[in-house]
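Summary of structural features
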Amino acid sequence: MRSDPTQFALTAPASLQAVLAQLAQNPGTHIPIAGGTELMVALAAGRLPRHSFLSISHLPELRFIRITPDAIHLGANTTFTDIRRNPTIAADLPLLTLAASWTGSIANQNRATLGGNLCNASPAADTPPALLVYDATVTLISSGAAPGEIVQRTLPYRDFYLAYKSTVLRPDELLHTITIPRAYSVHRHFLRKVGTRNAQAISKTALAALALVSESPATTSDSPSTTPCARHIQTIRLAAASLADRPIRLYATEAALQNASLAPAHLDATLRRARAAFATEAHPIDDIRSTARYRTAVAANLLEDFLRSLTT
Ligand SMILES: Cc1cc2nc3c(=O)[nH]c(=O)nc-3n(C[C@H](O)[C@H](O)[C@H](O)COP(=O)(O)OP(=O)(O)OC[C@H]3O[C@@H](n4cnc5c(N)ncnc54)[C@H](O)[C@@H]3O)c2cc1C
């Protein structure tokens with residue numbers, strides 16, 4: 001049933017400290033609202049549990065892109081348009097630029113924020129797989145004991161989700177910064193989203209991948225040292241959307257592929273091992289967008305596409 005907008009309050013405190021103070025005063029009473037592109041849909045559908053919005057969209061403290069030699073720091077209110085237009089992100093973190101470019105429409109990208117995408121905690125969201133392979137960290141903030149004091153905690157983004165639509169964020173906390181190392185210039189990057197159509201579609205499944213390929217002799221039994229300069233995987237990171245109740249890293253598949261040979265004589269064995277490990281950790285569901293069977297099969301094919309792309 002649709003909600004009645006007149007039953008909702010919207011407050012826009014003047015500063016970040018004031019927002020945090022309100023969240024701390026009455027934990028669980030307010031819903032922080034950034035771009036509102038998730039929340040307005042939920043409001044229209046009558047799915048909101050609370051009736052007080054606390055706007056954070058106007059706060060400059062949450063909208064920034066800071067580049068340092070080692071990392072890129074993104075404020076939670078960074079929009080997808082901000083991301084798409086940043087040349088350093090495009091050069092260093094192409095998977096993030098790509099994910100931002102296919103999230104909703106241009107109008108949506110102008111309002112929708114990276115923070116909202118992560119905090120909404122959808123297993124199908126577009127940016128999480130990229131941030132998972134890039135080993136992002138997230139910084140959460142809340143009010144401290146002294147007036148105006150802000151306390152923060154930083155954790156690996158891979159530990160941010162607890163379950164379906166559930167995160168470690170406390171009711172008095174906000175996501176403040178997403179930090180991504182600038183460490184992937186020599187890696188191979190891969191991101192594919194499979195949806196009903198190219199634009200304006202929520203993914204049926206998506207796979208992000210990052211790998212370092214080495215030409216030196218591999219040490220595994222698949223690639224005996226008699227093979228000179230066999231191409232093999234030195235490091236690999238894989239993450240997926242819509243294969244579980246939350247965005248996930250595929251750790252078992254990564255482990256199975258560590259040092260795996262990409263030499264023509266061993267490629268079939270590598271692919272078989274990858275698919276077997278992948279099957280142990282892909283647990284999608286049937287829903288209105290797709291079936292579990294389709295999601296598993298397509299994501300495994302994406303994985304194989306990526307591995308084959310590493311052979312050249
Ligand atoms: C037409 C349409 C198409 C879309 N297409 C896509 C798509 O292709 N891919 C995709 O991934 N998503 C898509 N979305 C979903 C949505 O646009 C994104 O998830 C967007 O990133 C949400 O950001 P927002 O700022 O609008 O979040 P909001 O709606 O403002 O908030 C979403 C949630 O995050 C919380 N939140 C926001 N910021 C913070 C913060 N700093 N700290 C703590 N909690 C916070 C809010 O309380 C709320 O629970 C689409 C939505 C629409 C309406």
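Here's a quick rundown of the structure. Residue numbers restart at each chain and count upward from 1, following the sequence in its written direction. In keeping with the predicted nature of the model, local features appear solely for residues at pLDDT of at least 70, side-chain atom pairs appear and are counted solely at 80 or more, and the whole-chain, interface and lining totals rest on all residues. Computation of side-chain values covers all heavy atoms of the structure but excludes hydrogens and water.

This next bit is on the overall build of the chain. Counting secondary structure elements, the chain contains 11 helices and 14 strands. Over its C-alpha atoms, taken along the principal directions, the chain stretches across nearly 70 × 45 × 30 Å. Only protein chains enter the accessibility calculation, which uses a 1.4 Å probe; a residue whose area is less than 20% of its type maximum is buried, one above 50% is exposed, and one in between is partly exposed. Split into buried and exposed, the 312 residues of the chain put 50% on the buried side. In what follows, a contact means two residues having at least one pair of non-hydrogen atoms within 4.5 Å. The contacts of the chain with a sequence gap of at least 6 include a subset with a gap of at least 24, amounting to 64%. By element, 55% of the accessible surface of the chain is carried by carbon and sulfur atoms, the whole surface being about 14,200 Å². In this tally, Lys and Arg are treated as positive and Asp and Glu as negative; His is ignored, and so are the chain termini. Here the site of a charge means atom NZ of a Lys, CZ of an Arg, CG of an Asp or CD of a Glu. Seen as two clouds, the 29 positive and the 22 negative side-chain charges of the chain have centres 5 Å apart. For helices the rule is a DSSP run of H or I covering at least 4 residues; for strands it is a run of E covering at least 2, with both sets numbered from the N terminus onward. Only the protein chains shown count as cover for residues, and the accessible areas themselves come from Shrake-Rupley with a 1.4 Å probe.

Now for the packing of helix H10 (residues 267-281) against helix H11 (residues 292-309). Relative orientation of the contacting elements H10 and H11 amounts to 145°, with a least axis distance of 10 Å. Between H10 and H11 lies a crossing whose hand is right-handed. Seen from H10, the contacting residues are Leu-267, Leu-271, Ala-274, Arg-275 and Phe-278; seen from H11, they are Thr-296, Ala-299, Ala-300, Asn-301, Leu-303, Glu-304, Leu-307 and Arg-308. Gly is put with the polar residues, along with every residue not named as nonpolar or charged; the nonpolar set is Ala, Val, Leu, Ile, Met, Phe, Trp, Tyr, Cys and Pro, and the charged set is Asp, Glu, Lys and Arg. When grouped by side-chain class, the residues that make up the contact of H10 with H11 number 8 nonpolar, 2 polar and 3 charged. Axes here mean lines fitted to C-alpha atoms, for a helix over just the part in contact, with angles spanning 0 to 180 degrees between N-to-C directions. Less than a right angle of anticlockwise turn of the near helix away from the far helix marks a crossing as left-handed, whereas a clockwise turn marks it as right-handed.

Attention now moves to the side chain of Thr-97. Looking at where Thr-97 falls in the secondary structure, it is placed in helix H5 (residues 94-101). Aside from chain neighbours lying at most four places away, what touches Thr-97 is Ile-83, Arg-84, Ile-89 and Ala-90.

Definition of nearness: a residue and a molecule or strand are near each other if at least one heavy atom of the residue lies within 4 Å of the molecule or strand. Around the ligand, 32 residues are found, and the nearest of them are Pro-32, Gly-35, Thr-37, Glu-38 and Thr-113. Here a polar contact is recorded for every N or O atom pair within 3.5 Å, except that within protein the pair must consist of a potential hydrogen donor and a potential acceptor, and residues adjacent in sequence are included only if both atoms are side-chain atoms. Glu-38 is positioned with one of its side-chain polar atoms (N or O) 2.7 Å from an oxygen atom of the ligand. In the model, an oxygen atom of the ligand is placed 2.6 Å from a nitrogen or oxygen of the Thr-113 side chain. Here the ligand loses 87% of its free accessible area of 990 Å² to cover by the protein chains. Secondary-structure elements contributing two or more residues to the shell around the ligand are strand S2 (30-33), helix H2 (39-44), helix H7 (114-119) and strand S10 (174-181).

A word on the sheet that holds strand S11 (residues 188-194). Note on sheets: strands pair through backbone hydrogen bonds, and any given pair is parallel or antiparallel. An order of S11-S12-S13-S14 is seen for the 4 strands of this open sheet, with the pairing classed as antiparallel. Lying at the two open borders of the sheet, with one neighbouring strand each, are S11 and strand S14 (248-249). Any two strands with at least two DSSP-identified bridges between them are counted as paired. As paired strands, S11 and strand S12 (residues 205-214) are joined by 7 bridges and run antiparallel to one another. Bridged to Arg-188 within S12 is Ala-211. Its contacts with the sheet put H5 on S11 and S12, and the angle it makes with S11 is roughly 20°.

Of all hydrophobic cores here, the largest spans 37 residues; its most connected members are Leu-131, Tyr-157, Ile-178 and Ile-180. Within the residue set of this core, elements represented by two or more residues are strand S5 (71-75), helix H3 (80-84), H5, H7, helix H8 (127-133), strand S6 (137-143), S10 and S12. These domain boundaries are the output of an automatic or database domain assignment. Here this core spans two domains, and each of domain 2 (60-181) and domain 3 (188-309) adds at least three residues to it. Among buried residues, the Ala, Val, Leu, Ile, Met, Phe, Trp, Tyr and Cys ones that are joined through side-chain atoms within 4.5 Å form a nonpolar core. In terms of nonpolar packing, the next biggest core, distinct from the first, is built from 28 residues, Val-194, Ala-240, Leu-250 and Ala-274 among them.

This part is about the side chain of Arg-295. Positionally, Arg-295 belongs in helix H11. Filtering out sequence-adjacent residues up to four positions away, Arg-295 remains in contact with Ser-203, Lys-204, Thr-205, Ser-242, Leu-243, Pro-284, Ile-285, Asp-286, Asp-287, Arg-289 and Ser-290.

Read across the sheet, 5 strands follow the order S4-S5-S10-S6-S7 without closing on themselves; strand pairing throughout is antiparallel. Here the strands that pair on one side only, and so sit at the sheet edges, are strand S4 (65-67) and strand S7 (150-156). The sheet shows a mean angle of 20° between the axes of neighbouring strands, taken without regard to direction. Note: S4 against S5, 3 bridges, orientation antiparallel. Counted as the bridge partner of Ile-67 is Ile-72 from S5.

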